[in-house]
Amino acid sequence: MSHDVAILGVGMHQWGKWGKNFVEYGLKATQDALKDAGLEWRDIQLIAGAETVRNGYPGYVAGATFAEAMGWTGARISSSYAACASGAQAINDARAQILAGFCDVALVIGADTTPKGFLAPNAGERWNDPDWLRFRLMGCTNPTYFALAARRRMDVYGATEEDFAAVKVKNARHGMANPYARYHKEFTLQQVLESPMVADPLRLFEICATSDGAAAVILTSMEFAKSRNVDPVKVRAVATTTPTFPCTTLEMPNISTDSAVAVSEPTRPFKASIAHDAYEEAGLGPDDMSLAEVYDLSSALELDWYENLGLCAEGEAEKLLRDGDTRIGGRIPVNTSGGLASFGEAVPAQAVAQVCELTWQLRGDAGDRQVKGATAGITANIGLFGHGSSVICSK
Amino acid sequence: MSTTPTAPVIEDWFSHDPEPHLIGTRCKQCATYYFPKQTSFCRNPDCFSSDFDEVPLSRTGKVWSYTKHFYQPPEPFITDGEEFEPYTIVGVELEAEKMMVLGQLAADASFEDLKAGIEMELVIEKLYHRDGTDYMIWKWKPTAS
């Protein structure tokens, strides 16, 4: 049995710091997705909301919030929270309900309004919360994890500060052609390397900002798409699988890894296992991919993803970058949307936005950032505590 | 010797003696180590034990990676003095336990001397001073060669 579902419509609100209620962004993205799909609001049978935890209860019950804002119709709703993977979780919920036959047409929507600066843990004395403890016991911020991974690449694989800066330069250039990106500014290597050091070896322009923004996709059964005479881009796989014990890679917000004394390390580290599961489900491999959208929370993390997605062998990400293979026009362009480097993170919308980008690319609608002849693409992101995700789409 | 009273930032996570160590637990059935301590249920999916021994962890290990921070984190981070001082965080791999544990770099150690693979040892140092008490935490320090 095919597990494909159709992407009938996509829509986004531009990322930025607009200072408005997150619901407004979500409405704009929803309306654009409906128009793109040629559907009416009453056609939507399931509203799958990706939650934000920074906007009070309306954010926690995102599905209901957007259903009410667009007008109650008695549709099914769901709300999903999985940190950065929330959007993919909502996509997977919509997909599962379509494949189970509970509905034919589903809206997936994620939107956020984020505060400035470091993302901080919940307030209060929370001595049993690892996310709180890491700040109190040692000042371990999100960039700590990005920087540890970056420095490891330098010491083990010979990555340089110029490599990390080059990822930012590449993604900023890609983002200039994306009207939904927050930043439309070209950077030189030198400008990136002169930005303040935040968490050595990572600099300010190499760590993603937090943004407001919204993204929506409308998923339907393949039969419904056929009935509308559409040859749609398809969701071929959504991997939302856990790590395998012992998880020997350091995952945010932990201050230690699992011990591999009793059970030996799994064959694939966590991030590689997510991609592997997505490839298996899609029946496709890295060589079939025309592009990838990955979570560049820091420029250096993008290099880890090249290897985790199997775009190159371990330790060869720097070569892939230096050879120009991952820029538009190269062998396997990565973050053609501009990535988090050009967007900043709007947590519940980000994984949905990645799928919007794949859709535009696979339709040939990506304008000046179009990957010629794109036939399939993969997204990857990672939430807290091993809540990662990967989505594969194809023509 | 300083006469400032000391207290651990968090109780029962480390010993405070001349050869300090982290306090973990070990599953009585499958022998998996845990830090922070696991006391309720073993996380090995093939082990259904809920019995643990409290054990000292190795007080030396090898650097996995490290990073120096130049900006003050948000609460609940507490600065030691009035002014924020950059600090370094090190991930250290413990060979016997086959796990990695993060910690700050000892105050008198140099970030520039760090490199993946070098040997570190555990020390107990002040993290911050508050209300007349020095609050202590574990840190990592390059082993004297």
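Residues numbered from 1 in each chain as written. Chains lettered and ligands numbered in written order. Predicted model: local features only at pLDDT ≥ 70, side-chain atom pairs only at ≥ 80, totals over all residues. Heavy atoms only, no water.

(A) Summary view of the overall build of chain B. In terms of helices and strands, chain B carries 0 helices and 9 strands. Principal-axis analysis of the C-alpha atoms places the extent of chain B at approximately 50 × 35 × 30 Å. A buried classification covers 49% of the 145 residues belonging to chain B. Within chain B, contacts between residues at least 6 apart in sequence are counted, and of these 52% link residues at least 24 apart. For chain B, the exposed area adds up to about 7,500 Å²; of that, 45% sits on carbon and sulfur atoms. Of the side-chain charges in chain B, 13 are positive and 24 negative, and the distance between the mean point of each set is 5 Å. (Helix = DSSP H or I, 4+ residues; strand = E, 2+ residues; numbered from the N terminus. Buried < 20%, exposed > 50% of the residue type's maximum accessible area, 1.4 Å probe, protein only. Contact = heavy atoms within 4.5 Å. Areas by Shrake-Rupley, 256 points an atom, 1.4 Å probe, with all protein chains shown as cover. Lys, Arg positive; Asp, Glu negative; His and termini not counted. Charge placed at Lys NZ, Arg CZ, Asp CG, Glu CD.)

(B) A look at the pattern of salt bridges. Residues and elements named next belong to chain A. The full count for this structure, using the stated rule, is 27 salt bridges over all chains. One salt bridge in this structure joins Asp163 and Arg322, with 2.6 Å as the shortest N-O distance. Of the two residues, Asp163 is situated in helix 7 (residues 161-175) and Arg322 in helix 12 (residues 317-322); the sequence distance between them amounts to 159 residues. One salt-bridge network, held together by shared partners, links Arg153, Asp304, Glu307 and Glu318. (Salt bridge = Lys/Arg side-chain N within 4 Å of Asp/Glu carboxyl O.)

(C) Up close: the packing of aromatic side chains. Applying the stated criterion across every chain yields a total of 17 aromatic pairs over all chains. An angle of 0 degrees between the planes, with centres 5.3 Å apart, marks the rings of Tyr180(A) and Trp360(A) as stacked. Within this pair, whereas Tyr180(A) is found in the loop between helix 7 and helix 8 (189-193), its partner Trp360(A) is found in helix 14 (residues 347-363), the two being separated by 180 residues in sequence. Grouping aromatic residues by their ring pairs yields a cluster made of Trp13(B), Phe14(B), Phe35(B) and Trp138(B). Positioned above the aromatic ring of Phe187(A), the side-chain terminus of Lys185(A) is 4.4 Å from the ring centre. In this structure, Lys271(A) is placed above the aromatic ring of Trp305(A), and the distance from its NZ or CZ to the ring centre is 4.5 Å. (Phe/Tyr/Trp six-rings, centres within 6.5 Å; stacked < 30°, edge-to-face > 60°. Lys NZ or Arg CZ within 6 Å of the ring centre and 35° of its normal.)

(D) Seen up close, the sheet that holds strand 4 (residues 52-56) of chain B. Residues and elements named next belong to chain B. Strand order across the open sheet formed by 3 strands is 3-2-4, with antiparallel pairing between neighbours. A strand with exactly one partner marks an edge of an open sheet, and here the two such strands are strand 3 (33-34) and strand 4. Pairing analysis gives 2 bridges linking strand 2 (residues 23-27) to strand 3, with the strands arranged antiparallel. Within strand 3, the position partnered with Thr25 by the bridge is Tyr34. (Pairing = 2+ DSSP bridges.)

(E) Looking closely at the sheet that holds strand 7 (residues 212-220) of chain A. Residue and element names in this part refer to chain A. Taking strand neighbours across the sheet as the criterion, the 9 strands line up as 3-2-4-7-1-8-11-10-9 in an open arrangement whose pairing is mixed. Looking at strand neighbours, the two that pair on one side only are strand 3 (76-80) and strand 9 (291-294), the edges of this open sheet. The mean angle between the axes of side-by-side strands here comes to 25 degrees, regardless of whether they run parallel or antiparallel. Its contacts with the sheet put helix 1 (residues 22-37) on strand 1 (5-16), strand 4 (105-112) and strand 7, and the angle it makes with strand 1 is roughly 140 degrees. (Axes fitted to C-alpha atoms, helices over the stretch in contact; angles between N-to-C directions.)

(F) Structural view of a nonpolar patch on the surface. All names here are of chain A. A cluster of nonpolar side chains, contributed by Val53, Tyr57, Tyr60, Val61 and Tyr81, occupies part of the molecular surface with about 470 Å² of accessible area. Structurally, Tyr60 can be placed in helix 2 (residues 56-60). The partly exposed category is assigned to Tyr60, whose relative accessible area is 33%. (Patch = residues over 30% accessible without salt bridge, like charges linked within 9 Å, V, L, I, M, F, W, Y side chains within 5 Å.)

(G) Region of interest: the interface of chain B and chain A. Tallying the contact residues gives 49 residues for chain B and 38 residues for chain A. Summing the contributions of chain B and of chain A, the shared interface buries around 3,600 Å²; its carbon and sulfur component is 66%. Sorting the residues of chain B by area buried against chain A places Trp64(B), Pro76(B) and Leu102(B) first, and these three jointly supply 18% of that buried surface. Two residues, Asp155(A) and Lys115(B), come together in a salt bridge whose shortest N-O distance is 3.5 Å. Linking chain B with chain A are 18 residue pairs in polar contact (both at pLDDT 80 or more). (Buried area = accessible area lost by both parts, 1.4 Å probe. Polar contact = N/O pair within 3.5 Å; in protein donor to acceptor, adjacent residues only side chain to side chain.)

(H) Focus on the nonpolar core. One finds Leu309(A) and Trp138(B) to be the most contacted residues of the largest nonpolar core, which totals 96 residues. It is helix 6 (residues 142-157) of chain A that provides the largest number of residues to this core, a total of 7 residues. Grouped together as the second largest cluster of nonpolar side chains are 41 residues, Trp15(A), Ala48(A), Ala50(A) and Val371(A) included. (Core = buried A, V, L, I, M, F, W, Y, C linked by side-chain atoms within 4.5 Å.)

(I) Structural detail: the state of the cysteines. Residues and elements named next belong to chain A. Tallied over the full model, the rule gives 0 disulfides over all chains. Distance from the sulfur of Cys356, which forms no disulfide, to the nearest cysteine sulfur (Cys393) is 9.9 Å. Under the relative-accessibility criterion, Cys393 is labelled buried at 0%. (Disulfide = S-S within 2.5 Å.)

(J) Focus on the pairing of strand 8 (residues 233-239) of chain A. Residues and elements named next belong to chain A. Counting buried residues along strand 8, 6 of its 7 residues qualify, which places the element largely inside the surrounding structure. Direction of pairing for strand 1 relative to strand 8: antiparallel, over a ladder of 3 bridges. Residue pairing for strand 8: Val5 is matched across the bridge by Val235. By the bridge criterion, 5 bridges tie strand 8 to strand 11 (residues 388-394) in an arrangement that is antiparallel. From the neighbouring strand, Ala237 faces strand 11, where its bridge partner is Ile392.

(K) Broad picture of the domain arrangement of chain A. Residue and element names in this part refer to chain A. Per the domain assignment, the segments making up chain A are domain 1 (5-117 + 212-234) and domain 2 (130-208 + 235-394). One C-alpha centre belongs to domain 1, the other to domain 2, and the line joining them spans 23 Å. In this complex, domain 1 contributes 45 residues to the contact, which on the side of domain 2 involves 40 residues. With both chains or domains summed, domain 1 and domain 2 bury close to 3,200 Å², and 67% of this area falls on carbon and sulfur atoms. Of all residues in domain 1, Met12, Trp15 and Cys84 bury the most surface against domain 2, accounting for 23% of the area lost on that side. Our count for the contact surface shared by domain 1 and domain 2 stands at 2 salt bridges. Notably, a salt bridge pairs Asp36 with Arg363, separated by 2.9 Å at the nearest N-O pair. Our count for the contact surface shared by domain 1 and domain 2 stands at 10 residue pairs in polar contact (both at pLDDT 80 or more). Counting residues per element, the ones that place at least two in the side of domain 1 that touches domain 2 are strand 1, helix 1, helix 4 (86-99), strand 4, strand 7 and strand 8. Broken down by class, the residue content of the side of domain 1 that touches domain 2 amounts to 22 nonpolar, 13 polar and 10 charged. (Domains from an automatic or database assignment. Nonpolar A, V, L, I, M, F, W, Y, C, P; charged D, E, K, R; others polar.)

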